[in-house]
Amino acid sequence: MSPYDGSAPETVAICRHCAAPIGGEARFFCCAGCEAAYEAVRGLGLDAFYERRRLDNGLRPLKPDADPGFDFRSRVKSSADGIHELHLMVDGASCAACVWLIESIYSKDTDVVDARLNLSTSRLTIKWRGSADRAGGLAEMVSRLGFRLVPFDPSCLDVAQAQEETDLLRATGIAGFAAGNVMILSVAVWVGVDMGPATKDLLHWISALVGLPAIFYAGLPFYRSAIAALRGGRLNMDVPIAVGITMTAAMSLSETIRSGPYAYFDAALTLLFFLLAGRYLDRRARGRARTSATHLLAIGARAVSVISSDGSIRRVAPDEVQSGDTVLVASGERIGIDGRILDGKSSVDESIVTGEALPKDVGVGDKVYAGYVNLGPALRVETTASGSGTLLAEIVRMVEVAERGKSRFVAIAERVTRLYAPVVHVAALATFIGWYFWMAVDWQVAMLHAVATLIITCPCALGLAVPAVQTTASGRLMRAGILLKSATALERLAEVDTVVFDKTGTLTSGTPRLIEPDKIPPDELRLAASIAASSKHPLARALAGAVPSVPAMANVIEHPGAGLSVDGIRLGSRTFCGAQKMSSGAAGGPEIWLRSVDGKLTRFEFADVVREDAARTIAELRQRGFQVELLSGDRPEVVAAVAGIVGIPDYHAGVTPAQKAEHLVRLFSAGRKALMVGDGLNDAPALTSAHASLSPASGADIAQVSADAVFQGTRLSAVIELLDVALTAKSLVKQNIAMSIAYNALAVPLAIIGMVTPPIAAALMSSSSIAVVANALRLGRGGVKKWTR
């Protein structure tokens, strides 16, 4: 027997599965596909999905498709241990309940080893044993529930976000244009002391003709979200906003028809304009923050050159390269696979993966990884891993896992609103009922008191409590050269008790510099710099930069992977200059040798210089009670030297990107809230795994995208400024929320008993908002407290 036979239709005629409106004579489902999907979910014992899901996101209904239309078998990657892997993009997954449902479905299949859905990138990864031909069947398990599955393509992820941003920007422009015009008409009414009633009515009608269409269109984002939330039996921040705007517009129209004085089209439009502007800016910030994994994927998406058995070269996508294939990597090209060098000798830039700025010499038998850049002559590389099996792909997975963990943070105002919004609506409704039924006044008068109650309890002050502080804090930080990117960054930064630094590019400048140039004979330094000016090698650039006034020498010949020569003079590696028997120096760092015509040898040593204020910043952090650590993938002796210079006793050397992320997870498990400061792709998993994160603007793009904040310049004092501002902001947010609640506690009773008219209510509401903003502006005007732990 069907579980819903004999039951009464729902009050709201929506489909039980996809929540779309039901038409015709249908009672519970909009189509047979939804009914089958509903039965499938219940049959798996996962019907709790319908209670957990959110319906206030404005996304498309969850309707099953008749035919997915894709050959997923060709997208399967199989490993030697019999594990098959498939990466798909899921359309329709909009909340944590969707993730739970999809992952739960696969957990019931004994062949499935692992199934993970990343909500921010819509990426579904399925691993299973058995036949690779099961790819289509596994995809169908989800597609028949209404989720649309396509092969994963990171370039498609930003389309929906771009459309949403465009719609918000258009609505903001319309609201602003209409608010400006209606405000002009309203000012004329306010100051027109001798204006006759007919003229006032005409201006009110013109305001209605301009304002009502604009209120309808510009308010659509709030109306849709509020209606969807109410359908799902929930309240969100948009419900009181939508109700307040709608009632204000309705009352204004009623007053206009009755030639009454209470027309507030300008107030509704102005409120809409500011709310939409804030939402648009928030979407822009969130969009940049959520695409960190997408940026990582784009790094390894370029085609590679595979050498066929007959010697011909074909360009293929990196994920189509098979293990054992030989790949040709041209000079200046980024390596797209993991492998071992079969032929050639060169130097590679590994900074995007390891974070180390200095190039590394490689030759036959050495391992190279996707993301490295070949700086020298062409290399032939035997493929050991490609596509999802590369180190780069592993970093992608670690970042996605870390991003899922950060979804536990919810904005403070939204949490408060969940309790606050029901009280607002009950108070407004009770006011109307009390005045209309008990006091026996006209419905217009009762509506005025109800609207006054709703206006005076409008969540503007509460809604501004957090954004006003965030905006002021962001402005202060921006003036200090720090860009705040995440909506919840300040909340998390205020909880930090541990600061973890990367070495290269963070504690150090990230670029090689010539050591002690004043101890090198000037003539030899100028000669070497003039030859080095003809090369793009990082060490050659550093040498030329040491004497920028020296012109580049003509007729210089570059020997890829070895050095430069001109008129019998050589500048380059130890072997190229014949200096194999010479001492390497105490530090043993990167070097360039100069061999003059008479055979005289001169050594130029380079090092990554520690930032000027690094030691001072570390000392102040430790003095304030913060625990400070150093994580680096560099050699132990180099890391120990830097740790000694800056004063960090707790340091770890030779750590991989995975180990960095694991260390941050261990800190969190131990109850410590860590701020990770890093600049390289290898830091991306750690930046996303940390409680909060910061990256220098000179760092890799993916590090900046993964971080919660980015700082400009060379000074590490930005770390202290960021923490102080965050702690001050936390204090101000608590004050603002307390002020908002106190204001409502005093003003609401006055509005309910009819002592506050809508104009006074609007003035009081504005006053509370101004008070909240003024309190927040203290953060921008004065200094911040030096907080300690």
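Since we're looking at a predicted model, the values are computed, not measured.

1. Considerations on the environment of I645
Checked against the element boundaries, I645 lands in helix α21 (residues 636-646). Each C-alpha atom of the pair I645 and A615 lies 6.9 Å from the other, and the pair is 30 residues apart in sequence.

2. Looking at the sheet that holds strand β10 (residues 346-349)
Ordered by their spatial adjacency, three strands build an open sheet running β11-β10-β13, and the pairing between neighbours is antiparallel. Each edge of the open sheet carries a strand with a single partner, namely β11 (360-362) and β13 (373-374). Pairing of β10 with β11, which is carried by three bridges, proceeds in the antiparallel orientation. In the sheet register, V348 faces β11, and the bridge partner there is K360.

3. Here's the deal with the packing of helix α18 (residues 522-532) against helix α19 (residues 538-546)
Interhelical geometry of α18 versus α19 gives an angle of 130° and a closest axis separation of 8 Å. By the angle between their axes, α18 is oblique relative to α19. For the pair α18 and α19, the sense of crossing is left-handed. Between α18 and α19, the contacting residues are L525, A528, A529 and A532 on the first element and A540, L543 and A544 on the second. Residue classes in the contact of α18 with α19 are distributed as seven nonpolar, no polar and no charged.

4. Some points on the nonpolar core
By size, the foremost hydrophobic cluster in this structure holds 46 residues, and its most contacted members are V499, F501, L507, L675 and V719. Per element, the largest residue contribution to this core is 12 residues, and it comes from helix α25 (residues 718-752). When neighbours within four sequence positions are excluded, F501 is seen to be in contact with T506, L507, I618, L621, V628, E629, L630, L631, I648, V677, L716 and V719. Core analysis: the next-biggest nonpolar cluster, separate from the first, contains 31 residues, V41, V112, A135 and L149 among them.

5. Some thoughts on the packing of helix α20 (residues 614-623) against α25
What describes two packed helices is the angle between their axes and the distance between those same axes. Following both chains from N to C, one finds α20 and α25 inclined at 35°, their axes separated by 9 Å at the closest point. Here T617, E620 and L621 of α20 come into contact with α25, specifically with V719, I720 and L723. Its residues placed into classes, the contact of α20 with α25 shows four nonpolar, one polar and one charged.

6. Points about the packing of aromatic side chains
The full count for this structure, using the stated rule, is three aromatic pairs. Geometrically, the ring pair formed by Y369 and Y372 is edge-to-face, given 5.8 Å between the ring centres and 75° between the ring planes. The class for Y369 is partly exposed, based on a relative accessible area of 25%. Given a relative accessible area of 4%, Y372 falls into the buried group. Ring geometry for F432 and Y436: centres 5.7 Å apart, planes at 15°, overall stacked.

7. Brief notes about a nonpolar patch on the surface
A contiguous nonpolar surface patch, about 830 Å² in accessible area, is contributed by L429, I433, Y436, F437, W438, M439 and W443. The topology assignment puts Y436 in helix α13 (residues 412-438).

8. Quick look at the sheet that holds strand β12 (residues 367-368)
Whenever strands of a sheet pair, they do so through backbone hydrogen bonds, lying parallel or antiparallel. Reading across the sheet, the six strands line up as β7-β6-β8-β14-β9-β12 and stay open at both edges, with antiparallel pairing between neighbours. Because the sheet does not close on itself, it has two edges, and the strands there are β7 (313-316) and β12.

9. Details of unusual backbone geometry
What is expected of a backbone is that most residues other than glycine have negative phi and most peptide bonds are trans. Residues other than glycine seldom take positive phi values, yet E516 does so here, at roughly 50°. Here E516 is to be found in the loop between β17 (508-514) and α18.

10. Details of the pattern of salt bridges
For the structure shown, the criterion picks out 18 salt bridges. The salt bridge involving R258 is made with E255; its shortest N-O contact spans 2.5 Å. For R258, a relative accessible area of 45% puts it in the partly exposed group. R715 is the partner of E612 in a salt bridge, and the nearest nitrogen-oxygen pair spans 4.0 Å. Of this pair, E612 sits in the loop between β22 (601-610) and α20 while R715 sits in the loop between β27 (709-711) and α25, placing them 103 residues apart in sequence. Its relative accessible area of 68% is what places E612 among the exposed residues. Among the charged side chains, a network of salt bridges with common partners joins R574, E591, R603 and E605.

11. Focus on helix α22 (residues 657-669)
Since the α-helix advances by 3.6 residues per turn, residues separated by three or four positions end up pointing in the same direction. The end-to-end C-alpha distance of α22 is 19 Å, a good match for the 18 Å that 13 residues give at a rise of 1.5 Å each. By the burial criterion, the buried members of α22 are P657, K660, A661, H663, L664 and L667. Axial view of α22: buried residues confined to an arc of 155°, hence all on one face. Facing away from the buried surface of α22 by more than 90 degrees, the exposed residues are R666 and S669. Count one or two residues on from α22 and you reach G671, which has phi positive near 90°.

12. A short note on the environment of L101
Take L101: it is sitting in helix α3 (residues 96-107). Taking the relative accessible area as the measure of exposure, L101 reaches 0% and is therefore buried.

13. Remarks on the pairing of β7
When strand β6 (residues 304-307) meets β7, the two strands line up antiparallel, connected through four bridges. Paired with V304 across the two strands is V316, which belongs to β7.

14. Some thoughts on the environment of L630
Note that L630 resides in strand β23 (residues 627-631). Since its relative accessible area comes to 0%, L630 is described here as buried. Spatially, the C-alpha atoms of L630 and V642 are 9.5 Å apart, while their sequence positions differ by 12 residues. Not counting chain neighbours up to four residues away, the residues in contact with L630 comprise F501, D502, K503, L507, V639, A643, I648, D650, Y651 and H652.

15. As for helix α6 (residues 197-218)
In this model α6 runs 30 Å from its N-terminal to its C-terminal C-alpha over 22 residues, within 8% of the 32 Å that 1.5 Å per residue would give. Most pronounced at G211, the bend in α6 amounts to some 30°, and the proline P213 follows within four residues. Residues of α6 that are buried include every one of D201, L203, H204, S207, A208, G211, A214, I215 and A218, and no others.

16. Let's talk about the side chain of D708
Summarising the element assignment, D708 is placed in the loop between α24 (701-706) and β27. Within polar-contact distance, the side chain of D708 engages the side chain of R492 at 2.8 Å. Only 3.0 Å separates the side chain of D708 from the backbone nitrogen of S693, close enough to count as a polar contact.

17. Points about the pairing of strand β25 (residues 674-677)
A regular strand carries its side chains on alternate faces of the sheet. The alternating pattern of β25 places A674 and M676 and L675 and V677 on opposite faces, both of which are buried. Note: strand β16 (residues 498-502) against β25, four bridges, orientation parallel. Looking at the pairing, T498 lines up with A674 of β25. The sheet contact formed by β25 and strand β26 (residues 692-696) spans three bridges and is parallel. Paired with L675 across the bridge in β26 is A692.

So, how was this worked out
- Residues numbered from 1 in each chain as written.
- Predicted model: local features only at pLDDT ≥ 70, side-chain atom pairs only at ≥ 80, totals over all residues.
- Heavy atoms only, no water.
- Helix = DSSP H or I, 4+ residues; strand = E, 2+ residues; numbered from the N terminus.
- Pairing = 2+ DSSP bridges.
- Axes fitted to C-alpha atoms, helices over the stretch in contact; angles between N-to-C directions.
- Parallel < 35°, antiparallel > 145°, perpendicular 65-115°, else oblique.
- Left-handed = near helix turned anticlockwise from the far one by under 90°.
- Contact = heavy atoms within 4.5 Å.
- Nonpolar A, V, L, I, M, F, W, Y, C, P; charged D, E, K, R; others polar.
- Core = buried A, V, L, I, M, F, W, Y, C linked by side-chain atoms within 4.5 Å.
- Buried < 20%, exposed > 50% of the residue type's maximum accessible area, 1.4 Å probe, protein only.
- Phe/Tyr/Trp six-rings, centres within 6.5 Å; stacked < 30°, edge-to-face > 60°.
- Patch = residues over 30% accessible without salt bridge, like charges linked within 9 Å, V, L, I, M, F, W, Y side chains within 5 Å.
- Areas by Shrake-Rupley, 256 points an atom, 1.4 Å probe, with all protein chains shown as cover.
- Salt bridge = Lys/Arg side-chain N within 4 Å of Asp/Glu carboxyl O.
- Expected span 1.5 Å × (residues − 1).
- Arc of directions from axis to C-beta.
- Bend = angle between axes of the 7 residues up to and from the residue.
- Polar contact = N/O pair within 3.5 Å; in protein donor to acceptor, adjacent residues only side chain to side chain.

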